[in-house]
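One-letter residues, chain by chain:
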Amino acid sequence: MTTSESTHENGRPAAAVVNIADKLAGFTEQWAPHRIARVNDYEVKIAKIQGEFIWHTHEETDELFLVVSGTLTIRLRAGNVVLNPGEIYVVPRGVEHCPQADGETAILLFEPVGTVNTGGEAGDRTREPVDA
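Scoring rules and cut-offs
- For every chain, the first residue of its written sequence is number 1, and the numbers climb from 1 along that sequence.
- Residue-level local features of this predicted model are given only where pLDDT is at least 70; pairs of side-chain atoms are given and counted only at 80 or more, and the full residue set underlies all totals for whole chains, interfaces and linings.
- Water and hydrogen atoms were dropped before computing side-chain values, which therefore reflect all heavy atoms in the structure.
- Two rings from Phe, Tyr or Trp (for Trp, the six-membered ring) form a pair when their centres sit within 6.5 Å of each other. Planes less than 30 degrees apart are called stacked, planes more than 60 degrees apart edge-to-face, and all others tilted.
- For the purposes of this entry, the term helix denotes a DSSP run of H or I that reaches at least four residues, the term strand denotes a run of E that reaches at least two, and both are numbered from the N terminus.
- Burial classes follow relative accessibility: with a 1.4 Å probe on protein chains only, a residue under 20% of its type's maximum area counts as buried, one over 50% as exposed, and anything between as partly exposed.
- The pocket and cavity definitions rest on a 1 Å grid over protein atoms only: a 1.4 Å probe that fits but cannot leave marks a cavity, an open set with protein on both sides within 12 Å along at least five of seven lines marks a pocket, and residues lining either have an atom within 4 Å of a point.
- Grid points are joined across faces, edges and corners, and a volume is the space filled by probe spheres set on the points.
- Just so you know the grouping, Ala, Val, Leu, Ile, Met, Phe, Trp, Tyr, Cys and Pro go in nonpolar, Asp, Glu, Lys and Arg go in charged, and all remaining residues, Gly too, go in polar.
- The rule for a salt bridge is simple: a side-chain nitrogen of Lys or Arg has to be within 4 Å of a carboxyl oxygen of Asp or Glu.

Some thoughts on the packing of aromatic side chains
(1) Moving on: A complete count under the given rule lists two aromatic pairs for this structure.
(2) Moving on: Measuring from ring centre to ring centre gives 4.7 Å for Trp31 and Phe53, while their planes differ by 20°; the resulting arrangement is stacked. Here Trp31, found in the loop between α1 (20-25) and β1 (34-39), pairs with Phe53, found in the loop between β2 (42-52) and β3 (63-69); they are 22 residues apart in sequence, far enough to count as distant. The pair Trp31 / Phe53 is uniform in exposure class, with both members buried.
(3) Moving on: With a centroid separation of 5.0 Å and 10° between ring planes, the pair formed by Tyr42 and Phe110 is classed as stacked.

Quick look at the structure:
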């Protein structure tokens, strides 16, 4: 029986194994979140980024960043946080921040379903997540 055909003892379908590198290889667009999993009311998203995003705030939720490859600088009004591959940082709800990557960087985000990537700052960088 393959993973896609199996079920858990509670009768729900078994989750499929997701290979992050394979999913990242499936797209080239930057600053466009791709959904790779769902955990209860949270989405696991990946994105490729380069350059500077926009300053924004998520008033209702924290935002977890994990760097898969490259280097991410999360600019905060109180100072910058620099993340290398394998490192995470959680931006607390209500904290204004601006992600920036000098070279192409792959990130994983963990956020509640419906979280807008630009927070309350709608604009040309606002993107709905798509399935990877």
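So, empty space enclosed by the protein
(1) Moving on: What the rule picks out here adds up to one cavity of 30 Å³ or more.
(2) Moving on: In this model, the largest cavity occupies a volume close to 150 Å³.
(3) Moving on: Looking at the largest cavity, it is lined by 13 residues, and the ones nearest its centre are Trp31, Phe53, Ile107, Leu109 and Asn117.
(4) Moving on: Sorting the residues of the lining of the largest cavity by element identifies β2, β3 and β7 (97-112) as the ones contributing at least two each.
(5) Moving on: Element by element, the count of residues in the lining of the largest cavity is highest for β7, at four residues.
(6) Moving on: Of the residues belonging to the lining of the largest cavity, the class tally is nine nonpolar, two polar and two charged.

Focus: the pattern of salt bridges
Should their charged atoms come close, side chains of opposite charge can pair.
(1) Moving on: Within the structure shown, the criterion is met by nine salt bridges.
(2) Moving on: One salt bridge connects Asp41 with Arg38, and the closest N-O pair in it is separated by 3.8 Å. Assigned by exposure class, Asp41 and Arg38 land together as exposed.
(3) Moving on: Put simply, Lys45 and Glu43 hold a salt bridge, and the shortest N to O gap is 3.7 Å.
(4) Moving on: Looking at Glu43, the relative accessible area reads 6%, which means it is buried.
(5) Moving on: Ionic contacts of the salt-bridge type, sharing partners, join the residues Arg35, Glu43, Lys45, Glu111 and Asp131 into one network.

The analysis is restricted to geometry; functional conclusions fall outside its scope.
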